[in-house]
Amino acid sequence: MADFRVTVNSAQVRHLLSQLSAKMKIQVIKSSLDITTKDVEAEIKDRMSGRTLAVRSGTYRRSVRSVPASMKNGRMQASVESDFIGAWLLERGGTVRPKSRRVLTIPLSGALTAAGKRRFDAPTALRAGAFFAGGIIAKRTPGGRKLIPLFALKGSATIGAHPIWGPVAESSRLLAVLTLERTLNQVIAQLEASAGPKG
């Protein structure tokens, strides 16, 4: 969902990379990208745990996964992805309109669990005795005196933006460079230690 490139203009990184063989460079860069994507995945999931977006079913959060780094078109690439169908809409916001019906059925508190998850859908409610009442689907309380609104009937619904991927991508640029520097320093230290004392 988020796509960004990191260009390393650090003399320190270039110097450290120059000390490694071509094979070792690829291993270090792959390792750094894998660490970064795991960190990015964790940050995105953290923001989906109530910081930026409230948790309902957890399906969106569970769909986020890091993909290990690999060579593609001569470049080492890694990614964090989600196949959640509503991801773009939640990130950018927008208007939802019904595709196959005349109206959207938006669950109200009477049809939701305490966590905000839908307990049943509108057709199930109607089969169980709910009815249409002035722009909503409702049912009566056991005594029959009060209406419990279950679903609002709307021609469209506007979803506000909940930016997660964009801000995380921006902060990940620096994270990727710092991770690469840290990994390079560790590899160089290991190589120097295995080479033994000089002189």
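A quick note: this is a predicted structure, and the numbers were derived from the prediction, not measured.

S.K.: Pulling in residues and values, what's your account of the sheet that holds strand β4 (residues 104–107)?
M.R.: With respect to topology, four strands assemble into an open sheet ordered β4-β7-β6-β5, the strand pairing being antiparallel. At either margin of the open sheet sits one strand with a lone partner, and together these are β4 and β5 (131–132). As judged from the two bridges shared by β5 and strand β6 (residues 136–140), these two strands associate in the antiparallel manner. In the sheet register, phenylalanine 131 faces β6, and the bridge partner there is alanine 138.

S.K.: Any chance you could break down the side chain of threonine 179 for me, citing the residues and the numbers?
M.R.: Here threonine 179 lies in helix α6 (residues 165–195). Relative accessible area serves as the criterion here: at 0%, threonine 179 is assigned to the buried category. A polar side-chain atom of threonine 179 sits 2.8 Å from the main-chain carbonyl oxygen of leucine 175.

S.K.: Tell me what's going on with the pattern of salt bridges, and back it up with residues and numbers.
M.R.: Per the stated rule, a full pass over the model turns up four salt bridges. Taking the shortest distance from any N to any O, the salt bridge between glutamate 41 and lysine 45 comes out at 2.9 Å. Taken as a pair, glutamate 41 and lysine 45 lie in helix α2 (residues 22–51) at a separation of four residues, close to a single helical turn. Overlapping salt bridges, with partners in common, bring together Lys38, Glu41 and Lys45 in one network.

S.K.: Hey, could you go over the pairing of strand β7 (residues 147–154) for me, with residue numbers and the actual values?
M.R.: In this structure, β4 lies alongside β7, joined through four bridges in antiparallel fashion. Along β7, the bridge assignment pairs threonine 105 with leucine 153. Sheet analysis places β6 next to β7, joined by five bridges and oriented antiparallel. Bridge pairing in β7 places isoleucine 137 opposite phenylalanine 151. Hairpin connection between β6 and β7: a loop of six residues separates the two successive antiparallel strands, and glycine 144 in this loop has a positive phi of roughly 80°.

Definitions and cut-offs
- Residues numbered from 1 in each chain as written.
- Predicted model: local features only at pLDDT ≥ 70, side-chain atom pairs only at ≥ 80, totals over all residues.
- Heavy atoms only, no water.
- Pairing = 2+ DSSP bridges.
- Helix = DSSP H or I, 4+ residues; strand = E, 2+ residues; numbered from the N terminus.
- Buried < 20%, exposed > 50% of the residue type's maximum accessible area, 1.4 Å probe, protein only.
- Polar contact = N/O pair within 3.5 Å; in protein donor to acceptor, adjacent residues only side chain to side chain.
- Salt bridge = Lys/Arg side-chain N within 4 Å of Asp/Glu carboxyl O.

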